[in-house]
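These are the residues of each chain, in order.
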Amino acid sequence: MKKVIITLTLSIVVVILLWAQPKKPLATQQKKSTTTQTKKSTAVQAKAPAGAQASIERGRQTYSQVCAACHQKDGGGVPRLNPPLIKTEYVLGDKTRLIGIILKGLNQPIEIDDEEYTNPMPPQSHLTDQQIADVLTFVRNNFGNKASAVTTAEVKAVRAKT
Amino acid sequence: MTKIFKKLFAVALVTAPFFSEAADSLIKEATFIRPDAANAGLKLPAGFGALMYAENLGQARHIVVNKNGDVYIKLARLKNGKGIIKLRDKNADGRSDDTSGFADYGGTGIAIKNNYLYASSNTDVYRYKLNANNEVENEAKPEHIIGGLISRGQHNTKSITLDNSGNIYVNIGAFSNSCQEQDRQNGSKGKDPCPILDSAGGVWQFKADKLDQTYKDGVRYATGTRNVVGLDWNTEINELFVMQQGRDQLFQMWPQFYNQKQGAELPAEEMFLVKKGMNFGWPYCFYDHFQNKKILAPEYGGDGKKIGRCAEMQNPVVAFPGHMAPNGLLFYTGNMYPEKYKNGAFIAFHGSWNRSPEPQEGFYVAFVPMKEGKPAGKWEIFANGFSGVEKVENSRDVKYRPCGLAQGPDGSLYVTDDNKGNIWRIIYNSKK
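Predicted model, so just to flag it, every value in this text is computed and none were measured.

Conventions used here
- Residues numbered from 1 in each chain as written.
- Chains lettered and ligands numbered in written order.
- Predicted model: local features only at pLDDT ≥ 70, side-chain atom pairs only at ≥ 80, totals over all residues.
- Heavy atoms only, no water.
- Helix = DSSP H or I, 4+ residues; strand = E, 2+ residues; numbered from the N terminus.
- Expected span 1.5 Å × (residues − 1).
- Buried < 20%, exposed > 50% of the residue type's maximum accessible area, 1.4 Å probe, protein only.
- Contact = heavy atoms within 4.5 Å.
- Axes fitted to C-alpha atoms, helices over the stretch in contact; angles between N-to-C directions.
- Parallel < 35°, antiparallel > 145°, perpendicular 65-115°, else oblique.
- Nonpolar A, V, L, I, M, F, W, Y, C, P; charged D, E, K, R; others polar.
- Disulfide = S-S within 2.5 Å.
- Core = buried A, V, L, I, M, F, W, Y, C linked by side-chain atoms within 4.5 Å.
- Pairing = 2+ DSSP bridges.
- Phe/Tyr/Trp six-rings, centres within 6.5 Å; stacked < 30°, edge-to-face > 60°.
- Salt bridge = Lys/Arg side-chain N within 4 Å of Asp/Glu carboxyl O.
- Domains from an automatic or database assignment.

1. Focus on helix α5 (residues 129-140) of chain A
Residue and element names in this part refer to chain A. Helix length check: α5, at 12 residues, gives a terminal C-alpha distance of 16 Å against a target of 16 Å (1.5 Å per residue), a fit within 8%. Summarising burial for α5: 10 of the 12 residues are buried, a large majority. Those residues of α5 that fall on the buried side of the exposure criterion are D129, I132, A133, D134, V135, L136, T137, F138, V139 and R140. Those residues of α5 that are buried are in contact with α2 (53-71), α3 (89-92), α4 (95-104) and α6 (152-161).

Set out below in structure tokens:
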């Protein structure tokens, strides 16, 4: 099609020139592009259960010192390397499993929202029971998450079994 | 007036055949493509323009352009059941308008050599014959070239490149950060010798045309490369070059030797000239681009200064700031760009995640002017703006991540993004 158009145009132009009636060829059309705007999602701060507030504040410290490097400040993780901590079944689900991940780490292919993560998570067993309870309570009540607090007693119980 | 036009049209129709040949060459000449408005979001040096060649393809990793302009892209994961996307620009406006796909495996590597299309999964390498019409002869049945390569989560993608003597080179990344007894664990010592190096953490050489090769058929061409996702054969000096992604988390694991800022900036991302038998030092050593030397890693007794065994390790050709994650390397041999770019290296930086509390860095295509395989000037940012934000605090704020690079037959540069799967085409237009 393109060739036909150009061929015809060419013929027309030449014929016009022969008739000494110069005309300008059509200006090439410029294609427009649309750049999509980023939709920035802001982490929603969930209201914490009353007694847990102090624990959450301590947990925030531990999070930024220990976890944020991998899971990022906003808990959003790193695509295909480190998973997000936003409303995942691991964060919101069974507390024993969650505490276990912190104590023992995790190095098996897990899938979150149809995405796999290739880095391993090293054990964080050097943290105290209190620090683990605090950081998990913080994670479970931040980044849009809302779930019950994790207590020192619960961490102690899981540690005793590992 | 309409009469005149009718007459003109009639004359044109009659004379058209005589102009047909002229039209052919005009198509070639006159359809020089035009950049998108605002260069499709990219910031480029003067005279360059960019257009969106294709969008939303999925996890678009490496890319190659055939001599007829067909573009092949390897997807990390299947999209609609396809692992290789083929794009074609039928109406010659510079953008793809014909998409198809094949291959039932995800992966990263893709290359064309001697009328074969090579592609890799995270364990295998295949090749497809390209026929005289530049079509893949049998999309469903590639030849199986290499198999059984190690894939254990970390750094499992297998980038490939080929030389002019019938060999293919495969990156086999180390399935570890720094070969610690407990990977990424605070204070954990390095295994010595590091057993990973037997099957990974190096570049392996295989025959490009031999079927069903495994480790025993290949040669460990070089060792001590942690993960070299970007690699390319430099045809000017006939040598292999790779871009290494340096180790992570010096501060988190060794706070007694490194503060947070040092951990964010060290070690360098390194460009290596790779010759057979070379050792680049991972996991024992890394390059400190402030001290300009390879130093001993803390996992192996380093304290930020000690050199020890690292005196024998190969130094980089070019050192870049830490953690920017080079994912693509391409030596420019085209004629479209100005002389300065000839034989220089383009590098696609995927962008960092472990520079916090500093902002994350990378997310651009850099350029190193080079002559005969040596840098001929400082590296510079060539194409920027992929991240879509001024300052990247969190990984997920990043819109696009440069990954693969390819050169088209006309000399334009193609850049993939593996976040959304957008493909930019960067052109130079002196006539503009």
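Having seen the structure, we can now continue with the description.
2. Details of the packing of α2(A) against α5(A)
Residue and element names in this part refer to chain A. Interhelical geometry of α2 versus α5 gives an angle of 95° and a closest axis separation of 7 Å. With respect to their mutual orientation, α2 and α5 come out roughly perpendicular. Contacts between α2 and α5 pair S55, I56, R58, G59, R60, T62, Y63 and C67 from the former with Q130, Q131, A133, D134, V135, T137, F138 and V139 from the latter. The class makeup of the residues in the contact of α2 with α5 is seven nonpolar, six polar and three charged.

3. Section: the side chain of B:H350
Here B:H350 is to be found in the loop between β22 (345-349) and β23 (364-368). On the basis of relative accessibility, which here comes to 13%, the residue B:H350 falls in the buried class. Each residue touching B:H350, except ones within four places of it in the same chain, is listed here: A:R80, B:R61, B:M324, B:A325, B:N327, B:F363, B:R401, B:P402, B:C403 and B:D418.

4. Topic: the state of the cysteines
Residue and element names in this part refer to chain B. For the coordinates displayed, the defined rule picks out two disulfides over all chains. One disulfide bridge connects C179 with C194, the sulfur atoms lying 2.1 Å from each other. An S-S torsion of about 95° defines the bridge between C179 and C194 as right-handed. Of this pair, C179 sits in the loop between β11 (167-172) and β12 (202-207) while C194 sits in the loop between β11 and β12, and the two are 15 residues apart along the sequence.

5. As for the nonpolar core
Residue and element names in this part refer to chain B. By size, the foremost hydrophobic cluster in this structure holds 38 residues, and its most contacted members are I146, I168, V170, C194 and I196. Secondary-structure elements contributing two or more residues to this core are β7 (116-120), β9 (143-146), β10 (160-162), β11, β12, α2 (250-253), β18 (285-288) and β19 (293-296). Ignoring anything within four residues of it in the chain, the contact list for I146 reads T123, D124, V125, I168, V170, F206 and Q213.

6. Notes on the sheet that holds strand β28 (residues 413-417) of chain B
All names here are of chain B. Across the sheet, which stays open at both edges, the four strands sit in the order β1-β29-β28-β27 with antiparallel pairing between neighbours. The open sheet is flanked by β1 (48-54) and β27 (402-407), the only strands paired with a single partner. Ignoring strand direction, the axes of neighbouring strands in this sheet form an average angle of 25°.

7. Examining the packing of aromatic side chains
Residues and elements named next belong to chain B. Here the structure, examined in full by the defined rule, presents 35 aromatic pairs over all chains. Aromatic pair F48 and Y337: ring centres 4.7 Å apart, planes at 85°, arrangement edge-to-face. You can see F48 sitting in strand β1 and its partner Y337 sitting in the loop between β21 (326-331) and β22, a full 289 residues away along the chain. Of the two residues examined, F48 and Y337, each falls in the buried class. Note on Y364 and W379: the rings are 6.4 Å apart at their centroids and 25° apart in plane angle, and the pair reads as stacked. Residue Y364 is located in strand β23, and its partner W379 is located in the loop between β25 (374-375) and β26 (380-383); the two are separated by 15 residues in the primary sequence. Using a relative accessible area of 27% as the deciding quantity, one classes W379 as partly exposed.

8. Focus: the pairing of strand β6 (residues 110-113) of chain B
Residue and element names in this part refer to chain B. Relative to β7, β6 is paired through four bridges, and the arrangement is antiparallel. Paired with A111 across the bridge in β7 is Y118. As consecutive antiparallel partners, β6 and β7 are separated by two residues, and within that stretch N114 has a phi angle of approximately 45°, a positive value.

9. Overview of the pattern of salt bridges
Applying the stated criterion across every chain, the model contains 30 salt bridges over all chains. The partner of A:R58 in a salt bridge is A:D134, and the shortest N-O contact between them spans 2.7 Å. Here the residue A:R58 occupies a position in helix α2, and A:D134 occupies one in helix α5, the gap between them amounting to 76 residues. By relative accessible area, A:R58 is classed as partly exposed at 41%. We note a salt bridge from A:E115 to B:R77, for which the minimum N-O separation is 3.9 Å. Highlighted residues: A:E115 in strand β2 (residues 115-116) and B:R77 in strand β3 (residues 71-79), drawn from two different chains. When its relative accessible area of 18% is taken as the criterion, A:E115 is described as buried. A relative accessible area of 27% means that B:R77 is categorised as partly exposed. Three or more residues are tied together by salt bridges with common partners; here these are B:D70, B:K86, B:R88 and B:E135.

10. Focus on the domain arrangement of chain B
The domain architecture assigned to chain B consists of domain 1 (1-31) and domain 2 (36-428). Spacing between the C-alpha centres of domain 1 of chain B and domain 2 of chain B amounts to 49 Å.

11. Here we look at the sheet that holds strand β13 (residues 219-223) of chain B
All names here are of chain B. Overall, mixed pairing links the five strands, which are arranged β10-β11-β12-β13-β17 in an open sheet. In this open sheet, the two edge strands, each paired with only one partner strand, are β10 and β17 (278-279). By the bridge criterion, four bridges tie β12 to β13 in an arrangement that is antiparallel. Across the sheet, W204 pairs through a bridge with R220, a residue of β13.

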